[in-house]
Every structure is written in structure tokens, then in C-alpha cells.
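Residues per chain, in single letters:
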Amino acid sequence: AVAGHAIVVAGFILMALLPRVLPSPYVGLVIANVVYAVGGGLIELLISPTVDALPGKAKDSAMSLLHSFYSWGQVAVLLLSTLFVRAFGAANWPLLPLLWALVPAYNAVLFSRVPLAPTVAAHEKTPLRLLFGAPIFILAMFLMVCAGASEQAIAQWSSLFAEKGLGITKLVGDLLGPVMFASFMGLGRVGYGIWGERMNLRIALT
């Protein structure tokens, strides 16, 4: 978890520096993106089982509440970044990733100090060959890939779609597109996080 956050910090710093020093700014952005994506992937893989290992009965509600913070983080990044560009100009964008790097840097310090619950015992783990041999697991993986692709498409293109289709500014496009999408996604997750214990998961998903 500490390494994941540290890699994100490195990726953000590279995002501010590489486009200015490499012959192709685009290549610099791609390299930085790959680096912080590795860190982000580690964080996403590790934080969920960390929270799941905490004592408590309402695991699905706790996980829903945890995942809502992804949505609120997306809203915060979009709003604060848009306001930064509006206030200080697009030419000063390299300062943005350096400022955002403070968040994972702070989290890395916190994770280096927090006590963690013990992991699942070896005899309780499901072997990978059994997982990949289960049709329901393959179906779940396929659904997650499609859900992730849909989410990324909306997050990355809805602002531009709103700008071009409705003839509005980027600021309003961000508010109508990814900010609204992330807000409703967060509200749904918070709602289930609060009332999930009293709801049937299958009915809620349907």
C-alpha cells in the first residue's frame, strides 16, 4: 500500500517534468500515465481487501462506502483542477500534478504507520485454478471489464461530448458530464453503504 502511493507520487512528478524535457510531450505524458496507473492499480487491489479484513458484519455496506470515495475523489479532482486552470491559466498546468501528488504522499505516510489486520490464512484461500475454472467467475470478470470500460468512456469523453453537442464551455461541460456522473455514482454507493444492511443485495443490484 505504501509502495502503491509512492509510485503514484512518482508518476505525478513525472507528469509535470517529462513533457517539458522530452522531445515529444505526448510520450512524456504516456510514460507518466503508465507509472501512476501502476500505483493506482496497486492501491485499488490492496485497499479493498484491507477494509474487508477489518472486524465487522456489514462487509458489503463497508465496501460500498469505501468505493464511494473513488467517486468523491473524482469530483474533487475535476472541480479543483478546473478551477485551478480557470484561475491560473492552462499554461501553468504542470503545477497541478505536483499539488495532487501531496495527497498520495500523505497517504503513504499514514499507511506506513497504521496497524493492519492479519491476512486470510493459507487454508482459507481459493486456488486460482478453481477460480478460473468457475463459469460464474469468468462471467463476473467479463462484467467488471465492461463496467470499467463504460465508466472510463463516460469519465473521459462526456465533457467533450457535452461541449461539442450542446455548444457549451469546458467548465460547464465538466459539470454536466463527469462531475455529475461521479456524483450520482458516489451517492448510490453511499446510499448502499448506509442502508445496505437492511437491503437485499440481489434486489438492489437489479
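A brief structural summary. Keep in mind that this is a model prediction, so the values were computed, not measured. Residue numbers restart at each chain and count upward from 1, following the sequence in its written direction. In view of the model being predicted, local features appear only for residues whose pLDDT reaches at least 70, and side-chain atom pairs are presented and counted only at 80 or more, with totals across whole chains, interfaces and linings using the full set of residues. Water and hydrogen atoms were dropped before computing side-chain values, which therefore reflect all heavy atoms in the structure.

## Quick word on the environment of Ile13
- The topology assignment puts Ile13 in helix α1 (residues 2-21).
- The spatial distance from the C-alpha of Ile13 to the C-alpha of Leu98 is 5.8 Å, given a sequence separation of 85 residues. Starting at the N terminus, helices and strands are each numbered in turn, a helix being any DSSP run of H or I of at least four residues and a strand any DSSP run of E of at least two.

## Looking at the nonpolar core
- As used in this record, nonpolar core signifies buried Ala, Val, Leu, Ile, Met, Phe, Trp, Tyr and Cys residues forming a set joined through side-chain atoms within 4.5 Å. For every residue, the accessible area obtained with a 1.4 Å probe (protein chains only) is divided by the maximum for its type, and the residue is called buried under 20%, exposed over 50%, and partly exposed between those limits. Val8, Val9, Phe12, Ile43, Ile47 and Ala101 form the largest nonpolar core, which has six residues in total.
- Examining the composition of this core, we find that three residues originate from one element, α1, more than from any other.
- Residues count as neighbours in contact if any of their non-hydrogen atoms are within 4.5 Å of one another. Beyond its immediate sequence surroundings of up to four residues, Val8 is in contact with Tyr36, Gly39, Gly40, Ile43 and Pro104.

## So, helix α8 (residues 170-195)
- Over its 26 residues, α8 runs 36 Å from end to end, which matches the ideal 38 Å to within 8%, given 1.5 Å per residue.
- One axis fitted to the seven residues ending at a residue, another fitted to the seven starting there: the angle between these axes is the bend at that residue. The axis of α8 is deflected most strongly, by about 40°, at Val179.
- All buried positions along α8 are accounted for by Gly173, Asp174, Gly177, Pro178, Val179, Ala182, Met185, Gly186, Gly191, Tyr192 and Gly193.
- Packing partners of the buried residues in α8 comprise α3 (59-88), α7 (135-166) and α9 (201-205). In a helix, the anticipated span is given by 1.5 Å times the number of residues less one.

## A short note on a nonpolar patch on the surface
- Patches draw on residues past 30% relative accessible area with no salt bridge. Two like charges within 9 Å are joined, as are two nonpolar side chains (Val, Leu, Ile, Met, Phe, Trp, Tyr) within 5 Å. All accessibility values rest on the Shrake-Rupley procedure with a 1.4 Å probe; residue burial counts only the protein chains present in the view. Should a side-chain nitrogen of Lys or Arg be within 4 Å of a carboxyl oxygen of Asp or Glu, the pair is scored as a salt bridge. A cluster of nonpolar side chains, Tyr26, Val27, Val30, Ile31, Val34, Val38, Leu42, Leu45 and Leu46, forms an exposed patch at the surface whose accessible area comes to about 800 Å².
- Along the chain, the position of Val34 falls in helix α2 (residues 25-52).

## Section: α3
- Its 30 residues give α3 an end-to-end C-alpha distance of 43 Å, which sits within 8% of 44 Å, the value for a rise of 1.5 Å per residue.
- Buried within α3 are the following residues: Ser61, Met63, Ser64, Ser68, Ser71, Gln74, Val75, Leu78, Ser81, Thr82 and Phe84.
- In this structure, the buried residues of α3 make contact with α2, α4 (95-100), α7 and α8.
- Of the residues one or two after α3, Gly89 is the one with positive phi, at around 90°.

## Observations concerning the side chain of Ser159
- With respect to the element layout, Ser159 can be found in helix α7.
- Its relative accessible area of 7% is what places Ser159 among the buried residues.
- Setting aside anything within four residues of it in sequence, one finds Ser159 in contact with Lys170, Gly173, Asp174 and Pro178.

## Observations concerning the side chain of Ser81
- Relative to the elements of secondary structure, Ser81 occurs in helix α3.
- On the basis of relative accessibility, which here comes to 14%, the residue Ser81 falls in the buried class.
- Of note is the side chain of Ser81, whose polar atom sits 3.0 Å from the side chain of Trp100.
- Excluding anything up to four places from it in sequence, Ser81 contacts Ala76, Leu96 and Trp100. Contacts described as polar in this section are N or O atom pairs within 3.5 Å, which, within protein, must combine one atom able to donate a hydrogen with one able to accept it, while residues neighboring in sequence count only if both atoms come from side chains.

## Some words on the packing of α2 against α3
- Geometry is summarised by axes, namely lines fitted to C-alpha atoms with helices restricted to the contacting stretch, and by angles between N-to-C directions that run from 0 to 180 degrees. Axis separation between α2 and α3 bottoms out at 10 Å; the angle between their running directions is 145°. Seen along the crossing, α2 lies across α3 with a hand that is right-handed. Along its contact with α2, which presents Ile47, Ser48, Val51 and Asp52, the element α3 presents Lys59, Met63, Leu66 and His67.
- By the convention adopted, Pro, Cys, Tyr, Trp, Phe, Met, Ile, Leu, Val and Ala count as nonpolar, Lys, Arg, Asp and Glu as charged, and the other residues, Gly among them, as polar. Looking at side-chain class alone, the contact of α2 with α3 contains four nonpolar, two polar and two charged residues. In this scheme the handedness of a crossing depends on how the near helix is turned from the far one: anticlockwise by less than a right angle means left-handed, clockwise means right-handed.

## Overview of the packing of aromatic side chains
- Only rings of Phe, Tyr and Trp enter the pairing, Trp through its six-membered ring, and a pair is recorded when the two centres are within 6.5 Å. The plane angle decides the type: under 30 degrees is stacked, over 60 is edge-to-face, the rest tilted. Under the definition given, this model contains three aromatic pairs.
- An angle of 65° between the planes, with centres 5.2 Å apart, marks the rings of Phe12 and Tyr36 as edge-to-face. One end of the pair, Phe12, is in helix α1; the other, Tyr36, is in helix α2, and 24 residues separate them in sequence.
- On the accessibility criterion, Phe12 (17% relative accessible area) is buried.
- Here Phe132 and Phe137 contribute two aromatic rings whose centre-to-centre distance is 5.3 Å and whose plane-to-plane angle is 85°, an arrangement assigned as edge-to-face.
- You can call Phe132 partly exposed: its relative accessible area is 45%.
- For Phe137, a relative accessible area of 24% gives the class partly exposed.

Function cannot be inferred from these measures alone, as they are strictly geometric.
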